[in-house]
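Read off the chains here:
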Amino acid sequence: MSEGAARVWPEGDGTHIDVRGLPAPQPLVQILQLVRSAGAGAAVVVHHDRDPQLLYPELAQIGWGAERIAGEPGEWRLRLAPLA
Amino acid sequence: MAAATGAAGVSEPPAPRGSGVAKEATARRAVRPAQGGSFALGAKGRLLPASVPMRYFGAAAVFHALAWLALLGGAADWVQWRGGLGWPLAALHLVTLGTLLSSAIGASLQLLPVATRQPVRSQRLAGVLWWLYVPGVAALALGMGLAQPHLLGAGAAAVVAALAAWGVLLAFNLRGARGMPGVVLHGWGALAALMLLAASALALVALWLGRPLLDRDMARALHLVAGVFGTMGLLAFGLAYILLPMFALAGVPDERRQLASGGAALAAIVLAAAAAFGVAPVALRLAAVAAGALGLGLHLYLMHGVLKTGMRSDFGRALVLMRVGWAGLGVALALALALVLGAPEDPWARLFGVAAVAGWLLSFLFGVLQRILPFLASMHAAQGQKRPPTPSALTPERPLAVHFLSHLAALALLAVATAAQSTPLTQIAALVGSIGAVAWVVFFAGLMRRLRGAAVPEAAAR
């Protein structure tokens, strides 16, 4: 497999993943891999360089939702968490 | 934490009044369309409104049904058919142009901009093209079925013009692509083949109009190679490197191996096209089959790796159909080898066509579409909703199950009917295929109905 790896690190508000600069479909795949490995009640914070439109149906399918949160200039930052 | 619902199934962030983020969010809401969405930071939208790609998928569904009906009407001609005007030729083009290429246009307009991070150069042109392409295909097929060369010629002119415009849109997209050299190579190969396809099509139309530009066998051979293996085959291979990792949640296959597979496939197409000119045709065709087998082997090795390493290794009927498609290509290459080595055209050439067009391309296409269409519908329905409908909630399952069984049964029946040169068996195959095609239309109509029901009106999405 030839993809670059996303940077993943833990913080107080959840596990962060930075997929900026990765070619499609790697951002989608690596975010979903992280989400699927996250425990119940976990949150994932995504650092992206664009609105990941293709992500939302996949999240909906597994009962997760996304909300956009403030990020750096040029960044599309999302907080992902299981829907109540 | 969330302040307002965004337009893509996400909640907008809180931001202090007058801050840069607030201005950016306000600007984004102001320019964002209700359907299709847009991308961050004022970038041009890379997702088309749902109506643009879906109209191509809808046309593909209807043409698919018409193709089986045309075969039903021309079953008696099919068992002796050698490529002349009539309903078998109409059925073939309703599949290739009407179903396969129409779907390829829809998929490329929707997915390539996302993958290549390039917006479609003209959304209006992408939508308007449908009005040229679809009537063109209908006129062309009718002209073939009724053996009316002038009607055929008018349809072909419209189709070639529409494909030329689509080719320009595709070229702009590929030219600006970042990364993905394997996918881009397949895309450029498909575009080059599209030009050869159009040129050979015009030569064949000229022949039917009594103004020969090329030898008939040469034009037919070029047309077959450029259409089935060049344009559609390379698109199927290239898009698989984006779609299969998405479906399986796996890493992208090694780029060098993608390039090797694509290079072998391209070499096979070039060799087969060169053979059409009559210089050492047997040697060139043998080399083409060998290169094609190498390309397929590498491609399957990469697909196997994706499925083996992915978090989702089984995606049901869709994967079965894709596997049937890959097997169909293997059978087509074996039949091509038999034909090069001297097997009689009756019935082996028709069996080769069944394996390549229905076995490979059609099966693979329906495998991909039944996975991707609910996904795209959910994505479009998500606009303006915090909790978008799931793809499975939008999917009418029963018609898909009927289509799956009917498609496989029709495929097997058509292969047997072709080998046995049996008109009644061909009619049964076409009837079963028609049932599957109607089921697909019902699936697509149900999906669109659920999408409309789930979508938020434009005003509410803002």
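Keep in mind it's a predicted model, so treat the numbers as computed, not measured.

About the criteria used
- Residue positions are given per chain, counting from 1 as you read along its sequence in written order.
- Each chain takes a letter, starting from A, and each ligand takes a number, starting from 1, following the order in which they are written.
- In keeping with the model being predicted, local features are shown solely for residues with a pLDDT of at least 70 and side-chain atom pairs are shown and tallied solely at 80 or more, while totals for entire chains, interfaces and linings include all residues.
- With hydrogens and water set aside, each side-chain value is computed from the structure's full complement of heavy atoms.
- Only runs of H or I of at least four residues qualify as helices and only runs of E of at least two qualify as strands under DSSP, and these elements are numbered from the N terminus.
- Per-residue accessibility, obtained with a 1.4 Å probe over protein chains only, is compared with the maximum for each type, and a residue is labelled buried under 20%, exposed over 50%, and partly exposed between these values.
- Here the accessible surface of atoms and residues is derived via Shrake-Rupley with a 1.4 Å probe, and residues count as covered only by protein chains that are part of the display.
- Radius of gyration: over C-alpha atoms. The globule rule applied is 2.2 Å multiplied by the number of residues raised to the 0.38 power.
- Contacts are assigned to residue pairs that have any heavy atoms within 4.5 Å of one another.
- We count Lys and Arg on the positive side and Asp and Glu on the negative side, and we leave His and both chain ends out.
- Charge positions are represented by NZ for Lys, CZ for Arg, CG for Asp and CD for Glu.
- Side-chain atoms within 4.5 Å are what join buried Ala, Val, Leu, Ile, Met, Phe, Trp, Tyr and Cys residues into a set we call a nonpolar core.
- Delimitation of the domains relies on an automatic or database domain assignment.
- Between Lys or Arg on one side and Asp or Glu on the other, a salt bridge is scored when a side-chain nitrogen of the former is within 4 Å of a carboxyl oxygen of the latter.
- Expected helix span is computed as 1.5 Å times (number of residues minus one).
- Buried area: the accessible surface (1.4 Å probe) lost by two parts on joining, summed over both.
- The angle between two axes is taken between their N-to-C directions and runs from 0 to 180 degrees, where each axis is a line fitted to C-alpha atoms and a helix contributes only its stretch in contact.
- Roughly parallel means an angle under 35 degrees; roughly antiparallel, over 145; roughly perpendicular, 65 to 115; everything else is oblique.
- Following the grouping adopted for this structure description, the nonpolar residues are Ala, Val, Leu, Ile, Met, Phe, Trp, Tyr, Cys and Pro, the charged ones are Asp, Glu, Lys and Arg, and the polar ones are all others, Gly among them.

Here the focus is the overall build of chain B. A tally of helices and strands in chain B yields 16 helices and 2 strands. Buried residues in chain B amount to 59% of all 462 residues. Total accessible area computed for chain B in this model is approximately 17,400 Å², and 68% of it derives from carbon and sulfur atoms.

A tally of regular secondary structure across chain A gives 2 helices and 5 strands. Along its sequence from the N terminus, chain A presents helices and strands in the succession β-β-α-β-α-β-β. The C-alpha atoms of chain A give a radius of gyration of 12 Å, which matches the 12 Å a tight globule of 84 residues would have. Projected onto the principal axes, the alpha-carbon positions of chain A cover approximately 35 × 30 × 25 Å. A buried classification covers 57% of the 84 residues belonging to chain A. Within chain A, counting contacts between residues at least 6 apart in sequence, those at least 24 apart form 53% of the total. Element-wise, carbon and sulfur atoms account for 51% of the exposed surface of chain A, whose accessible area totals about 3,100 Å². Counting 7 positive and 10 negative side-chain charges, chain A places the centres of these two groups 1 Å from one another.

Once that is clear, we can look at the side chain of Ser108(B). Residues and elements named next belong to chain B. Of note, serine 108 is situated in helix α4 (residues 87–116). A residue is classified by how much of its surface remains accessible, and serine 108, at 5% relative accessible area, is buried. For serine 108, the residues in contact, after removing those within four places along its chain, are Pro113, Trp166 and Leu170.

Across soluble globular proteins, nonpolar side chains have a tendency to be buried as a group. Counting residues in hydrophobic clusters, the biggest one holds 158 residues, and the most contacted among them are Leu80(A), Tyr133(B), Ile372(B) and Leu373(B). Sort the elements by how many residues they give to this core and helix α12 (residues 345–381) of chain B lands first, with 21 residues. Composition of this core by domain shows at least three residues from each of domain 1 (43–178) and domain 2 (209–312) of chain B. The residues contacting Tyr133(B), other than those within four sequence positions of it, are Leu97(B), Leu101(B), Ser102(B), Ile105(B), Val159(B), Ala162(B) and Leu163(B). Counting 5 residues, the second largest nonpolar core, distinct from the first, contains Met218(B), Ala221(B), Ala273(B) and Ala276(B).

This part is about the pattern of salt bridges. Summed over all chains, the structure comprises 12 salt bridges over all chains. For Glu75(A), the salt bridge is made with Arg77(A), and the minimal N-O distance between the two is 2.8 Å. Measuring nitrogen to oxygen at the nearest pair gives 3.4 Å for the salt bridge that ties Arg256(B) to Asp254(B). Note on Arg256(B): relative accessible area 66%, which makes it exposed. Asp254(B) sits in the buried class, given a relative accessible area of 14%. Three or more residues joined by partner-sharing salt bridges are found here, namely Asp18(A), Arg20(A), Glu72(A), Glu75(A) and Arg77(A).

Apart from glycine, the bulk of residues carry a negative phi angle, and the bulk of peptide bonds sit in the trans form. Pro25(A) follows Ala24(A) through a cis peptide bond whose omega is 0 degrees. Position of Pro25(A) among the secondary structure elements: in the loop between β2 (14–18) and α1 (26–37). In the segment running from Asp346(B) into Pro347(B), the intervening peptide bond is cis, with an omega of 5 degrees. Tracing the backbone shows Pro347(B) in helix α12. In this structure, Ala147(B) is a non-glycine residue whose phi angle is positive, near 55 degrees. Using a relative accessible area of 40% as the deciding quantity, one classes Ala147(B) as partly exposed. The phi torsion at Ala280(B) lies on the positive side, around 45 degrees, for a residue other than glycine. Along the polypeptide, Ala280(B) turns up in the loop between α9 (255–275) and α10 (281–309). What makes Ala280(B) partly exposed here is its relative accessible area of 45%.

Counted at 1.5 Å a residue, the expected span for α12(B) with its 37 residues is 54 Å, and the 50 Å between its end C-alpha atoms agrees. The element α12(B) is largely enclosed, with a buried count of 31 among its 37 residues.

Attention now goes to the domain arrangement of chain B. All names here are of chain B. With domains assigned, chain B is organised as domain 1 (43–178) and domain 2 (209–312). Using only C-alpha atoms to locate each centre, domain 1 and domain 2 end up separated by 20 Å. Between domain 1 and domain 2, the buried area comes to about 880 Å², and carbon and sulfur atoms account for 82% of it. Inspection of the region where domain 1 meets domain 2 yields 0 salt bridges.

Residue and element names in this part refer to chain B. Where α12 contacts helix α14 (residues 397–420), the two axes come as close as 9 Å, and the packing angle between them is 170 degrees. The angle between α12 and α14 places the two elements in the roughly antiparallel class. Listed contacts from α14 to Pro347, Arg350, Leu351, Val354, Ala358, Gly359, Leu362, Ser363, Phe366 and Gln370 of α12 are Leu400, His403, His407, Leu411, Leu414, Ala415, Thr418 and Ala419. The residue inventory of the contact of α12 with α14, partitioned by class, reads 11 nonpolar, 6 polar and 1 charged.

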